[in-house]
Amino acid sequence: MPDMRHFGFLAPDERDRLFLRAPQEFPADAEPERIGVGLGATLYCPATRPQLARDIRRRAAAGVTSMVVCLEDSVPDSDLAAAEHNAVNQLRELAASGSEVPLVFVRVRSVAQIPMLVAGLAEHADVLAGFVLPKFTEETGAAYLDEVVAGSAAVGRRLLAMPVLEAAEIAYMESRISSLHGARHLIDKYREHVPAVRIGATDLSGAYGLRRAREFTVWDIRVIADVLSAVVNVFGRIDGHSYVVAGPVWEYFSAAERMFKPQLRETPFVAHEERKLRTQLIAADLDGLIREVALDRANGLTGKTVIHPTHVAAVHALSVVGHEEYADACDILATGGQGGAAASTFRNKMNESKPHTAWAHRTLLRADAFGVAREDVSFVDLLGAGLHQ
């Protein structure tokens, strides 16, 4: 597997213009948390796509660093056998092409598909980063994870596993906490294989007969926001054993009649002479995505599941560490965790050493993966670079 690097499509002079500290490469055999942070926008595509290998190459060239080939909900039951055959053939073709590829995962729908895919790829298994495990619970998950370990032994390197927390037991209040603790207890046994846990907000919403409209973020749907908060509480707490928790999917990618005003303020786009870009984002329903990504990060989620290539640039632009964030993190860590408080370098907030240390460490981990923007570079500049490349 090749090393990954965000914004690798930028020319050196453009990268230098935008970044105070450029994104760093991270290998596929890095520690799980580093990989989890570096996943960024994980683009899902159905395994039935006839030109899957070509599509993956194109997306890699455009800045996608992680993709999931889906054999689960995106594939009709009647097409499953054909989808399995296509996935194996297309991934073999991708490996044989010698092209740079993202981290490629396969979302399976049954335990038996893991050894089947490993055997089918055979000498081309190097193209495979790992598997996404659907509807994960303590009861169902062990068999999946054991097969990931067996597959790792078969290919001679670590395969990764990303459990998806989306089962009804996690949705329902009376079983939620025990189910999450059970899943956490199981996942802890396979920690070196798990870069991130993912949240299936679509399935969780389905447990209540809900589907959020484009005008609402997942955080506006209170019954689902409660589930997300519980997942972060169990998997994201800073106790030396936290996991990266990835943000759930944003389902919309084309314009339709809107009920509410756009959610993007005009001022930043005017300041950076990007009125046209703002209009483009609103037309593609990306203003809602941008708001949801910002709320994801504020609530402890990292990266996001996406289902359209236009979503990738927004997620990655919002993942870049701002100059002010970076300065604060460096100042906090410079105290060595010895306590105390001081005004920030920007003189607009108080940095407290002990309570902010974990945040600072996470911020620098994100800075390694996505870089640090120069002081005069905004989200608008970074988004424009991603969309216009």
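Where helix α13 (residues 286–298) contacts helix α14 (residues 310–319), the axes come no closer than 10 Å and their chain directions differ by 35°. Considering only the axes of α13 and α14, their crossing is right-handed. Mapping the contact onto sequence places Leu286, Leu289, Ile290, Val293 and Arg297 in α13 and Thr310, His311, Ala314, Val315, Leu318 and Ser319 in α14. Classifying every residue of the contact of α13 with α14 by side-chain character gives 7 nonpolar, 3 polar and 1 charged.

So, about the environment of Arg191. Mapped onto the fold, Arg191 is located in the loop between α8 (173–188) and β7 (198–199). Classification of Arg191 by relative accessible area gives partly exposed; the value is 28%. When the C-alpha atoms of Arg191 and Tyr243 are compared, they prove to be 9.0 Å apart, with 52 residues separating the residues in sequence. Not counting the four nearest positions on each side in its chain, Arg191 is found in contact with Pro32, His241, Ser242 and Tyr243. Within the structure, the side chain of Arg191 is placed 3.2 Å from the backbone oxygen of His241, a separation counted as a polar contact.

In terms of burial, strand β4 (residues 103–107) is a largely internal element, 5 of the 5 residues being buried. Pairing of strand β3 (residues 66–70) with β4, which is carried by 5 bridges, proceeds in the parallel orientation. Within β4, the residue paired with Val69 across the bridge is Val106. Handedness of the β-α-β unit built from β3, helix α4 (residues 80–97) and β4 comes out right-handed. In the classification by handedness, the crossover that spans β4, the intervening helix α5 (residues 113–121) and the parallel strand β5 (residues 130–133) is right-handed.

In this section: the pairing of β5. Looking along a regular strand, one sees side chains alternate from face to face of the sheet. Pairing analysis gives 3 bridges linking β4 to β5, with the strands arranged parallel. Bridge pairing links Phe105 to Gly130 in β5. Note that β5 and strand β6 (residues 160–165) share 4 bridges and pair parallel. Across the sheet, Phe131 pairs through a bridge with Ala161, a residue of β6. In terms of handedness, the path from β5 via helix α6 (residues 138–155) over to β6 forms a crossover that is right-handed.

Remark: helix α3 (residues 52–61) packs on α4, axes separated minimally by 8 Å, with the N-to-C direction vectors making an angle of 50°. Compared by their axis directions, α3 and α4 come out oblique. At the point where α3 passes α4, the crossing takes the right-handed sense. Side by side, α3 and α4 meet where Leu52, Ala53, Ile56 and Arg57 of the first sit next to Gln90, Leu91, Glu93, Leu94 and Ser97 of the second. Residue composition of the contact of α3 with α4, by class: 5 nonpolar, 2 polar and 2 charged.

Moving on, we come to the packing of aromatic side chains. Within the structure shown, the criterion is met by 5 aromatic pairs. When the ring of Tyr172 is compared with that of Tyr208, the centres are 6.1 Å apart and the planes differ by 85°; the resulting orientation is edge-to-face. Placement of the pair is Tyr172 in the loop between α7 (168–171) and α8 and Tyr208 in the loop between α9 (201–206) and α10 (222–235), with a sequence separation of 36 residues. On the basis of relative accessibility, which here comes to 30%, the residue Tyr208 falls in the partly exposed class. Relative to Tyr252, the ring of Trp250 has its centre 5.9 Å away and its plane inclined at 70°; by these criteria the two rings are edge-to-face.

This next bit is on the nonpolar core. In terms of nonpolar packing, the biggest core is built from 109 residues, with Val69, Leu103, Phe105, Val106, Phe131, Leu133 and Phe235 touching the most fellow members. With 9 residues, α10 is the largest single contributor of residues to this core. In this view, Val106 contacts Val69, Leu71, Leu91, Leu117, Leu128, Gly130, Phe131 and Val132; residues no more than four positions away in its chain are not counted. Counting 8 residues, the second largest nonpolar core, distinct from the first, contains Ala360, Leu364, Ala367 and Val372.

It is possible for side chains of opposite charge to pair when their charged atoms get near one another. A complete count under the given rule lists 25 salt bridges for this structure. In this structure, Asp55 engages Arg49 in a salt bridge whose closest nitrogen and oxygen atoms are separated by 2.7 Å. Residue classification places Asp55 among the buried positions, given a relative accessible area of 10%. Assessed through its relative accessible area of 37%, Arg49 is described here as partly exposed. The salt bridge involving Lys349 is made with Glu324; its shortest N-O contact spans 2.4 Å. Separated by 25 residues along the polypeptide, Lys349 in the loop between β10 (341–343) and β11 (350–352) and Glu324 in helix α15 (residues 323–334) bring together distant segments of the chain. Through salt bridges that share partners, Glu72, Asp73, Arg107, Lys135, Glu166 and Asp203 make up one connected network.

Moving on to the side chain of Glu251. Structurally, Glu251 can be placed in the loop between β8 (247–250) and α11 (267–271). Reaching out from Glu251, the side chain makes a polar contact with the side chain of Thr202 at a distance of 2.9 Å. In this structure the side chain of Glu251 is engaged in a polar contact, spanning 2.9 Å, whose partner is the side chain of Arg211. Contact partners of Glu251, with chain neighbours within four places excluded, come to Thr202, Arg211, Arg212 and Ile307.

The rules behind each value
- Residues numbered from 1 in each chain as written.
- Predicted model: local features only at pLDDT ≥ 70, side-chain atom pairs only at ≥ 80, totals over all residues.
- Heavy atoms only, no water.
- Axes fitted to C-alpha atoms, helices over the stretch in contact; angles between N-to-C directions.
- Helix = DSSP H or I, 4+ residues; strand = E, 2+ residues; numbered from the N terminus.
- Left-handed = near helix turned anticlockwise from the far one by under 90°.
- Contact = heavy atoms within 4.5 Å.
- Nonpolar A, V, L, I, M, F, W, Y, C, P; charged D, E, K, R; others polar.
- Buried < 20%, exposed > 50% of the residue type's maximum accessible area, 1.4 Å probe, protein only.
- Polar contact = N/O pair within 3.5 Å; in protein donor to acceptor, adjacent residues only side chain to side chain.
- Pairing = 2+ DSSP bridges.
- Right-handed = clockwise from strand over helix to strand, strands pointing away.
- Parallel < 35°, antiparallel > 145°, perpendicular 65-115°, else oblique.
- Phe/Tyr/Trp six-rings, centres within 6.5 Å; stacked < 30°, edge-to-face > 60°.
- Core = buried A, V, L, I, M, F, W, Y, C linked by side-chain atoms within 4.5 Å.
- Salt bridge = Lys/Arg side-chain N within 4 Å of Asp/Glu carboxyl O.

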